[in-house]
Amino acid sequence: MGILAQLEVDFDIEIVEDFISHYAIMCENMEPLIIGLNKIERYEDNIGELFRIFHNMKSAAGFLKLEPIIKLAVLCEDVVEEARMLKGPASESFIDWLLLVSDQFEKYRRDVEKDADYFTVLNPLVIKVPFVLEKE
């Protein structure tokens, strides 16, 4: 039984459909927000919105017990929380890391929608969180 089929067994179909549609929207919105972090005038709003996305992903995936999404969202929420204390713009390494994270969340989205047997293996580069979050 694949990921989607198991969700449909364990939870009400409307809850699963809502998760899939909202998760897809969050995945879609991530990349423009991340790219905008290189502009100081957009940094505060974009980093705040990314924090909200990661927090919402963590909560929604937590309800559905989707462990790979939960773990990645928790990591991202922690890193972005630290970045919220900065004035910006973001460093190139931080933007690149966030784009890598965005790609991983997109892979997870496809895994759910295509009813894959397992989630895609986490890209090991995601674990390499950049030390410098702000452009110097």
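Read on for an overview of the structure. (Residues numbered from 1 in each chain as written. Predicted model: local features only at pLDDT ≥ 70, side-chain atom pairs only at ≥ 80, totals over all residues. Heavy atoms only, no water.)

### Let's talk about the side chain of Arg 109
Let me state the cut-off plainly: Elements are defined by DSSP. Helices are runs of H or I of four residues or more, strands are runs of E of two residues or more, and each kind is numbered from the N terminus. Exposure classes here rest on a 1.4 Å probe applied to the protein chains alone. A residue is buried below 20% of its type maximum, exposed above 50%, and partly exposed in between. In what follows, a contact means two residues having at least one pair of non-hydrogen atoms within 4.5 Å.
Checked against the element boundaries, Arg 109 lands in helix H5 (residues 92–113). For Arg 109, a relative accessible area of 16% translates into the label buried. The residues touching Arg 109, leaving out its near neighbours within four places in the chain, are Tyr 23, Ala 24 and Cys 27.

### Side note on the side chain of Ser 102
On the secondary structure map, Ser 102 appears in helix H5. Those residues in contact with Ser 102, other than ones at most four positions away along the chain, are Cys 27, Met 30, Glu 31 and Ile 34.

### Regarding the packing of helix H3 (residues 40–64) against helix H4 (residues 67–83)
Stated formally: Lines fitted to C-alpha atoms define the axes, with helix axes restricted to the stretch in contact, and inter-axis angles between N-to-C directions lie between 0 and 180 degrees. Comment on the angle field: the value is read as roughly parallel under 35 degrees, roughly antiparallel over 145, roughly perpendicular from 65 to 115, and oblique elsewhere. The handedness criterion is simple: a crossing whose near helix is rotated anticlockwise from the far helix by less than a right angle is left-handed, and one whose near helix is rotated clockwise is right-handed. Three classes are used: nonpolar for Ala, Val, Leu, Ile, Met, Phe, Trp, Tyr, Cys and Pro, charged for Asp, Glu, Lys and Arg, and polar for all others, with Gly counted as polar.
Axis separation between H3 and H4 bottoms out at 8 Å; the angle between their running directions is 155°. Here H4 runs roughly antiparallel to H3, going by the angle between their axes. Taken as a pair, H3 and H4 cross one another with a handedness that is left-handed. Where H3 approaches H4, its residues Tyr 43, Ile 47, Leu 50, Phe 51, Phe 54, His 55, Met 57, Lys 58, Ala 61 and Gly 62 are matched on the opposing element by Ile 69, Ile 70, Ala 73, Val 74, Cys 76, Glu 77, Val 80, Glu 81 and Ala 83. For the contact of H3 with H4, the residue count by class is 14 nonpolar, 2 polar and 3 charged.

### Quick notes on the nonpolar core
Here is the rule: The nonpolar core is taken to be a set of buried Ala, Val, Leu, Ile, Met, Phe, Trp, Tyr and Cys residues, with the residues joined through side-chain atoms within 4.5 Å.
Membership of the largest hydrophobic core comes to 45 residues, with the highest contact counts inside it found for Phe 54, Met 57, Phe 94 and Phe 105. Broken down by secondary-structure element, the contributors of at least two residues to this core are helix H1 (3–10), helix H2 (13–35), H3, H4 and H5. When near neighbours in sequence (up to four residues on either side) are disregarded, Phe 105 contacts Tyr 23, Cys 27, Met 30, Phe 54, Met 57, Ile 69, Leu 72, Ala 73 and Cys 76.

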